[in-house]
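Residue-level structural notes
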Amino acid sequence: MSADEAVGRIVGGGAADDTAGGTSDHAVLHSDENGIRRIVLNRPDAANAVRPQDRDLLIDLLTDADADHDIRVVLLSANGRHFCSGADVTSLARNRATGTKRVGDGMRRIMTGAQRLISAVLDCGKPVIAVVQGPAAGLGAHLALAADLVVASQEATFIESFVRRGLVVDAGGAYLLPRRIGMQKAKELAFFGERLPAAEALALGLVNQVVPADRLAAAADEFAERLAAAPTSAIALTKRLLNASPDADRAAAFLAVAMAQEIQSYAEDSAEGIRSFVERRSPQYRGW
């Protein structure tokens, strides 16, 4: 299902009420079906810039998906030409212009805002797939980098736009970039803020697939459907192990793997995986 189809079903069919968190204009849409939570950024006229209320709703949707056993995978996409142009600069300027500025206020706002959103993607126990159809800049680029799988159209671009606005790289970028592409390339992207085309992002390992625009929704759905039928708890533990591995020494990594293996051995899907192998049939995983 495409992002446009998801929007039509939510708004037209009344399948969800996205007025929570101050998004009565349906800036963030979502639907749940067949184990897939589809989250759609829906501010195409504003290049899908994320306002504070949109950010908070995204965090809530990811946190809820993590806890909901019926959700097996999260698909994050956007309507319009842009995937996400980053945080809404108008809101940022308004915040700077109002109130008394105190030491620590900006740091606290960043840590509980954009950084918390990126953490929600990284910490979600369900695999998150980003579907990038166009420019992804700043926070938008990092939303994609934090996802577990990225499917991009040939028109997609990734931009570290912070330097263009005289800002320090934010939204988890200083953490994510070196771990995804190495220190030297991370510095090049962050220092110059140049557009990284989808083909180059694929060569660097930032995305998993680059497809023509008319194949984007189908390619993303293929990933999502495969993950929705997979052993969800095993993938959740594997995600945590892989995300933690760059910061752990060998002993800590090996210990974490052993503990995760023991935990997963009690899962129904683990027993089903062994039974299906012995019985020479395809497994029927239930996600727990």
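What this report covers is the structure whose coordinates are included nearby. The structure displayed is predicted, hence computed values, not measured ones.

**Topic: the overall build of the chain**
- Helix and strand counts for the chain come out as 13 helices and 9 strands.
- Restricting the contact set of the chain to residue pairs at least 6 apart, pairs at least 24 apart contribute 68%.
- Summed over its atoms, the accessible surface of the chain is roughly 14,800 Å², and 55% of this surface lies on carbon and sulfur atoms.

**A closer look at the sheet that holds strand E4 (residues 128-132)**
- Pairing is mixed across the open sheet formed by 6 strands, whose spatial order is E1-E2-E3-E4-E6-E9. Both edges of this open sheet fall to strand E1 (28-33) and strand E9 (209-211), since each of them pairs with a single strand only. Strand-to-strand twist across the sheet, computed as the mean angle between neighbouring axes with direction ignored, equals 15 degrees.
- Pairing of E1 with strand E2 (residues 36-41), which is carried by 6 bridges, proceeds in the antiparallel orientation. Paired with Glu-33 across the two strands is Ile-36, which belongs to E2.
- Along the sheet, helix H10 (residues 216-228) contacts E2, strand E3 (73-78), E4, strand E6 (149-153) and E9; its crossing angle with E6, the most-contacted strand, is approximately 165 degrees.

**Here's the deal with a positive patch on the surface**
- Residues Arg-81, Arg-164, Arg-165 and Arg-195 make up a contiguous surface patch of positive charge.
- Along the polypeptide, Arg-165 turns up in the loop between strand E7 (157-159) and helix H7 (173-181).

**A look at the packing of helix H6 (residues 139-146) against H7**
- Contact pair H6 / H7: the axes reach a minimum separation of 10 Å and the direction vectors enclose 50 degrees. The angle between H6 and H7 falls in the class oblique. Once H6 is placed against H7, the crossing between them reads as left-handed. For the pair formed by H6 and H7, the contact residues are His-142, Leu-145 and Ala-146 on the first element and Gly-173, Leu-176, Leu-177 and Arg-180 on the second.
- Looking at the contact of H6 with H7, its residues break down into 4 nonpolar, 2 polar and 1 charged.

**Looking at the environment of Pro-246**
- As for its placement among the helices and strands, Pro-246 is situated in the loop between helix H11 (232-244) and helix H12 (250-265).
- A residue is classified by how much of its surface remains accessible, and Pro-246, at 49% relative accessible area, is partly exposed.
- Between the alpha carbons of Pro-246 and Arg-179 there is a distance of 7.3 Å; along the sequence they are 67 residues apart.

**Quick look at the packing of aromatic side chains**
- Applying the stated criterion across every chain, the model contains 0 aromatic pairs.
- Here the guanidinium or amino end of Arg-179 rests over the ring plane of Tyr-175, the centre of that ring lying 3.8 Å away.

**Focus on the sheet that holds E7**
- In space, the 3 strands of this open sheet follow the order E5-E7-E8, with mixed pairing throughout. Both edges of this open sheet fall to strand E5 (135-137) and strand E8 (196-197), since each of them pairs with a single strand only.
- Strand direction decides the pairing type here: E7 and E8, joined by 2 bridges, are antiparallel. Across the sheet, Phe-158 pairs through a bridge with Leu-196, a residue of E8.
- Of the strands in this sheet, E5 and E7 touch H6, which is tilted by about 100 degrees from E5.

**Details of a nonpolar patch on the surface**
- A grouping of Ile-274, Phe-277 and Val-278 is seen on the molecular surface, where their side chains present a nonpolar patch of about 380 Å² in accessible area.
- Within the fold, Ile-274 resides in helix H13 (residues 268-278).

**A word on the pattern of salt bridges**
- Under the definition given, this model contains 14 salt bridges.
- Of the charged contacts in the structure, one is a salt bridge between Arg-275 and Glu-272, with a shortest N-O distance of 3.1 Å. Of this pair, Arg-275 and Glu-272 both sit in helix H13, 3 residues apart, which is roughly one turn of that helix.
- Bridged by salt links that share partners, the residues Glu-268, Glu-272, Arg-275, Glu-279 and Arg-281 form one connected network.

**A short note on H6**
- Most of H6 is tucked away, with 8 of its 8 residues classed as buried.
- The complete set of buried residues in H6 reads Leu-139, Gly-140, Ala-141, His-142, Leu-143, Ala-144, Leu-145 and Ala-146.

**Quick look at the pairing of E3**
- Of all 6 residues making up E3, 6 are buried, and the element is well covered by its neighbours.
- Every second residue of E3 is oriented toward a common face, with Val-73, Leu-75 and Ser-77 on one face and Val-74, Leu-76 and Ala-78 on the other, all of them buried.
- Where E2 meets E3, 6 bridges bridge the pair, whose relative direction is parallel. Residue pairing in the sheet places Val-40 in a bridge with Ser-77 of E3.

**Side note on the pairing of E4**
- With 5 of its 5 residues buried, E4 lies for the most part within the structure.
- The alternating pattern of E4 places Val-128, Ala-130 and Val-132 and Ile-129 and Val-131 on opposite faces, both of which are buried.
- Bridge analysis of E3 against E4 gives 3 bridges, and the strand direction is parallel. Across the sheet, residue Leu-75 finds its bridge partner in E4, namely Ile-129.
- Taken together, the 4 bridges between E4 and E6 define a ladder with parallel strand orientation.

Conventions and cut-offs
- Residues numbered from 1 in each chain as written.
- Predicted model: local features only at pLDDT ≥ 70, side-chain atom pairs only at ≥ 80, totals over all residues.
- Heavy atoms only, no water.
- Helix = DSSP H or I, 4+ residues; strand = E, 2+ residues; numbered from the N terminus.
- Contact = heavy atoms within 4.5 Å.
- Areas by Shrake-Rupley, 256 points an atom, 1.4 Å probe, with all protein chains shown as cover.
- Pairing = 2+ DSSP bridges.
- Axes fitted to C-alpha atoms, helices over the stretch in contact; angles between N-to-C directions.
- Patch = residues over 30% accessible without salt bridge, like charges linked within 9 Å, V, L, I, M, F, W, Y side chains within 5 Å.
- Salt bridge = Lys/Arg side-chain N within 4 Å of Asp/Glu carboxyl O.
- Lys, Arg positive; Asp, Glu negative; His and termini not counted.
- Charge placed at Lys NZ, Arg CZ, Asp CG, Glu CD.
- Parallel < 35°, antiparallel > 145°, perpendicular 65-115°, else oblique.
- Left-handed = near helix turned anticlockwise from the far one by under 90°.
- Nonpolar A, V, L, I, M, F, W, Y, C, P; charged D, E, K, R; others polar.
- Buried < 20%, exposed > 50% of the residue type's maximum accessible area, 1.4 Å probe, protein only.
- Phe/Tyr/Trp six-rings, centres within 6.5 Å; stacked < 30°, edge-to-face > 60°.
- Lys NZ or Arg CZ within 6 Å of the ring centre and 35° of its normal.

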